[in-house]
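# Coordinates in review
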Amino acid sequence: QVQLVESGGGLVQDGGSLRLSCAASGIIFSLYNMAWYRQAPGKQRELVASISRSGSTDYEDSVEGRFTLSRDNAKNTISLQMNSLKPEDTAVYYCNAVQMYTRQSFWGRGTQVTVSS
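In what follows, the accompanying structure is described. Residue numbers run consecutively from 1 along every chain, following the written order of its sequence. Given that the model is predicted, a residue must reach a pLDDT of at least 70 before its local features are reported, and side-chain atom pairs must reach 80 or more before they are shown or counted; all residues, however, enter totals for whole chains, interfaces and linings. Side-chain calculation: all heavy atoms of the structure are included, whereas hydrogens and water are not.

### Focus on the sheet that holds strand E7 (residues 67-72)
Think of it this way: DSSP has to see at least two bridges between two strands before they count as a pair. Helix and strand definitions here come from DSSP, where helices need a minimum of 4 consecutive H or I residues and strands a minimum of 2 consecutive E residues; each element is numbered from the N-terminal end. Across the sheet, which stays open at both edges, the four strands sit in the order E1-E3-E8-E7 with antiparallel pairing between neighbours. Edge positions in the sheet fall to strand E1 (3-7) and E7, since each has one partner strand and no second. Strand-to-strand, the axes of this sheet are offset by a mean angle of 15°, without reference to chain direction. When strand E3 (residues 18-25) meets strand E8 (residues 77-82), the two strands line up antiparallel, connected through six bridges. Note that in E8 the partner of Arg19 across the bridge is Gln81. Each axis is a line fitted through C-alpha atoms, and for a helix only the stretch in contact is used; angles between axes span 0 to 180 degrees, taken between their N-to-C directions.

Below, the structure is given as structure tokens:
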């Protein structure tokens, strides 16, 4: 059974920091490209950051320089360090795993991030 379990969300003030983590089980983690998406109320889910099996990262323009995504293949986890948070970062953040060969995709249940102004 595949599970992606997010943690680390919460309420923070404008300019603050949070660290999100996603723990994966039931998959061969090293075969998966990983990513964080977010969905704000009334908006579509959007890609925030992605990391390949080799550790190459890509970021959405609005978070570039503020967010840092990393992965630990030994612990089957990814982490998203979010600094200089803004109210517009408020959303539910979802962990996503995509198998590099089959493109099979799995999602976590999400964790709420709220940034107050």
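### Comments concerning unusual backbone geometry
Phi at Asn76 is positive, roughly 55°, even though this residue is not glycine. Residue position: Asn76 is located in the loop between E7 and E8. Only protein chains enter the area calculation, which uses a 1.4 Å probe; residues under 20% of their type maximum are buried, those over 50% are exposed, and those in between are partly exposed. For Asn76, a relative accessible area of 22% translates into the label partly exposed. One non-glycine residue, Arg103, adopts positive backbone phi at about 65°. Tracing the sequence through the fold places Arg103 in the loop between strand E9 (91-99) and strand E10 (105-107).

### Section: the side chain of Arg66
Mapped onto the elements of the fold, Arg66 is located in the loop between strand E6 (57-59) and E7. What makes Arg66 buried here is its relative accessible area of 11%. At 2.9 Å, the side chain of Arg66 forms a polar contact with the backbone oxygen of Ser62. Residues contacting Arg66, with those up to four places away along its chain left out, are Gln81, Met82, Asn83, Ser84, Leu85, Lys86 and Asp89. Polar contact is defined as a pair of N or O atoms within 3.5 Å, subject to the rule that within protein one atom must be able to donate a hydrogen and the other to accept it, and that residues adjacent in sequence are counted only when both atoms are side-chain atoms. Contacts are residue-level and defined by heavy atoms, with any inter-residue pair within 4.5 Å sufficient.

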